[in-house]
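Residue strings, one per chain:
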Amino acid sequence: MDKDQVAAVLTEIGLLLELKGENPFKTRAYTNAARTLESLTEPIETLVREERLGGLKGIGDALQHKITELVTTGCLGYHQDLKASLPPGLVELLSVSGLGPKKVKALHDRLGVDSIDSLEAACQAGKVAELDGFGAKSQAKILEAIEFKRKYASRHLLSEALLAAEPILDDLRAHPAVIRCSIAGSLRRWRETIGDVDFLVSSKVPQEVIEFFTWRQGIVSVLAKGDTKASVILEGGIQADLRVVSDVEFPFALAYFTGSKEHNIVMRQRAIQRGLRLNEYGLFRSDEETRDPALRVECQTEADIFKTLGLDDIPPELREDKGEFEAGEQHTLPRLVEWTDLKGSLHNHSNWSDGHESLEQIADYVEELGLDYWAITDHSKSSFQANGLDAARLRKQLKEIAELNRKLADAGREVRLLTGIEVDVLKDRLDFDDDLLAELEVVVASLHVAGSDEADNTKRLLRAVENPHVHIIGHLTGRLLLEREPYKIDARAVIDACADTGTWMELNCNPRRFDLDWRWWGYAKQKGVKCVINPDAHRRTHAGFLRLGAGVARKGGLTAKDVLNTLPLAMLRRQLAGKR
Ligand code: DGT
Ligand code: CA
Ligand code: CA
Ligand code: ZN
């Protein structure tokens, strides 16, 4: 355990004692000791090893023993027993913003509140407002805090985290006290869901940055605020952590707080193998833990750290300890696809089924976004809830698209719509016959209603893969992140079949889907399966998903060559025709 972790345990002990109604001197001893440890400038292990804890302000014999136990075993019996002696719901109540131990104790003693649910019920019944020291205002605040807690207890979609984080990053970047700044953590690694958002800043005046961050608009509450770090809740319920370091430390802190944990562990081992020590403060010429500036290896950027450890610059998206070290050593890291490489999309809807815009409006916005082509793949007739097209309407749509493309050409405009369908994969067949599919430029086949049997679901998909008219398998697993589990299917078998038949796979970049998952793309690529990054756009704003999808493709290790919608229209058309 490091000093911050030990301090956190001591702080919690202080709270628990207060909750029990222990004498204030005893509880304060723990909180004071925690403060002392937080401001330590040398590693706590060293103090423990050299038995120097007793020399610190406010740390007597009893605390010395407890801290030693924590540092050496990672756990403290006294803490565990204390926790066990209180109703578990009571401890959880402390995590409701605005509720300290005194208030929790009052609520418990006077209203029998012993969990978040019972607190909510008491508030809703108006009982909390009647207690001395609470009142109607604080009752309303508690209800609000409970709602927030429920929201941020879960993870968040990448898209939501990004939307909350990017304006803050822009503001930090513009602040005069900020030297360098970046997003770190899972958001920088482009994970599909985000626990909390991490910001890192370098500055000579950390307090100014902390003040700015915690007072910024769009921050709903401040969970913690120290000299060099703060945690807040953003609008929408997402937690954000900020750390401020010196500019010399910035690249090391950025690498550390970008993670992942698994990646960091290997990085640290590589440092040790070279007689160095790596931590959030630096890379040091030392064979034991240190943060002595005199021993720091000079690195301006993360790339310098990687280089010192015998590696090419590893992009954040790949830092999951899933093969990046081998590739970084052997100079075989892929040149990852960029969002701006994408030239269009092959899976989108119009107001002919459940999309919002007309064909003309779509052509206009695709052109405005600087893209070249957009396939209209509305739903097929079995998706009646989505106003799926039958053969007659589809043929009518083909004519309208041809006419629109002619008009665009006559006006000297380059954007084109492609004809297509998102054909339902039904139990024993596709929703349209082959001769109709053969008339379309792009056929996406998607499973929308899966059964509970893996073999059966897989068989249905394999039939779609083997149909020579199908170009692309849409959102293979049907998952909805944080909402619905993937269908039971043998993804490997489907990928293998796509490889055998030259069928492409979609990376559906609707942020609720990101399907196929990034973890599969290394395998698909190795089998030679091509990817199409599709926003599955139902309205104009969904075109923005392309950027998110490119990030997920990067995370999957894909290059522009692996992604077919990086091709210009003429080449793409050849691929589409050649598939058949
Ligand atoms: P999240 O927030 O759950 O989506 O995932 P992360 O990766 O953003 O995790 P977070 O916010 O807890 O910490 C940010 C980074 O800090 C993490 O990716 C790696 C680093 N880190 C945090 N705790 C540890 C640790 O105990 N050991 C190591 N090696 N690295 C850590
Ligand atoms: Ca995080
Ligand atoms: Ca964090
Ligand atoms: Zn679909």
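Above this text you will find the structure in question.
What comes next is a walk through the structure. (Residues numbered from 1 in each chain as written. Chains lettered and ligands numbered in written order. Predicted model: local features only at pLDDT ≥ 70, side-chain atom pairs only at ≥ 80, totals over all residues. Heavy atoms only, no water.)

### Considering the pairing of strand 4 (residues 197-202)
Argument step 1. Across the six residues of strand 4, six count as buried, placing the element largely inside the fold.
Argument step 2. Residues of strand 4 alternate between two faces, with Val197, Phe199 and Val201 on one and Asp198, Leu200 and Ser202 on the opposite face, all of them buried.
Argument step 3. Relative to strand 4, strand 2 (residues 180-184) runs antiparallel, the two sharing five bridges. Directly across from Cys181, in strand 4, lies its bridge partner Val201.
Argument step 4. Sheet topology note: the strand 4/strand 7 (residues 239-245) ladder contains six bridges and is parallel. (Buried < 20%, exposed > 50% of the residue type's maximum accessible area, 1.4 Å probe, protein only. Helix = DSSP H or I, 4+ residues; strand = E, 2+ residues; numbered from the N terminus. Pairing = 2+ DSSP bridges.)

### Digging into the coordination of the calcium ion (ligand 3)
Geometry sets the ideal angles at a metal, namely 109.5 degrees for four tetrahedral donors and 90 or 180 degrees for six octahedral donors.
Argument step 1. Every protein donor of the calcium ion (ligand 3) is listed here as Asp196 (OD), Asp196 (OD), Asp198 (OD) and Asp241 (OD), and their distances to the metal cover 2.3 to 2.6 Å.
Argument step 2. Mapped onto the polypeptide sequence, the residues donating to the calcium ion (ligand 3) form the spacing pattern D-x1-D-x42-D.
Argument step 3. Metal-to-metal, the separation of the calcium ion (ligand 3) and the calcium ion (ligand 2) is 3.6 Å; Asp196 coordinates the two. Placement of Asp196 in the loop between strand 3 (193-194) and strand 4 and of Asp241 in strand 7 is noted, with a sequence separation of 45 residues between them.
Argument step 4. Relative accessible area serves as the criterion here: at 22%, Asp196 is assigned to the partly exposed category. (Donors = N, O, S within 2.8 Å, 3.2 Å for Na, K, Ca; no water.)

### Digging into the coordination of the calcium ion (ligand 2)
Argument step 1. The calcium ion (ligand 2) binds to the protein through Asp196 (O), Asp196 (OD) and Asp198 (OD), with metal-donor distances spanning 2.2 to 2.5 Å.
Argument step 2. Considering all six donor atoms around the calcium ion (ligand 2), angles at the metal cover 70 to 169° and the coordination shape is irregular.
Argument step 3. In this structure Asp198 comes out as buried when scored by relative accessible area, which is 11%. (Tetrahedral: all angles 85-135°; square planar, octahedral: opposite > 155°, others 65-115°.)

### Some points on helix 19 (residues 391-410)
Argument step 1. Here helix 19 spans 29 Å end to end across 20 residues, near enough to the 28 Å set by a 1.5 Å rise per residue.
Argument step 2. Leu394, Gln397, Leu398, Ile401, Leu404, Asn405 and Leu408 are the residues of helix 19 that are buried. Summarising the axial view, the buried residues of helix 19 lie within an arc of 135°, below the 170-degree limit, and thus occupy one face. Facing away from the buried side of helix 19 by over 90 degrees, the exposed positions are Ala392, Lys396, Lys399, Arg406, Lys407 and Asp410.
Argument step 3. For helix 19, the secondary structure elements touched by its buried residues are helix 18 (359-368), strand 11 (373-376), strand 12 (416-424) and helix 20 (434-437).
Argument step 4. Gly412 sits one or two positions beyond helix 19 and adopts a positive phi of about 75°. (Expected span 1.5 Å × (residues − 1). Arc of directions from axis to C-beta. Contact = heavy atoms within 4.5 Å.)

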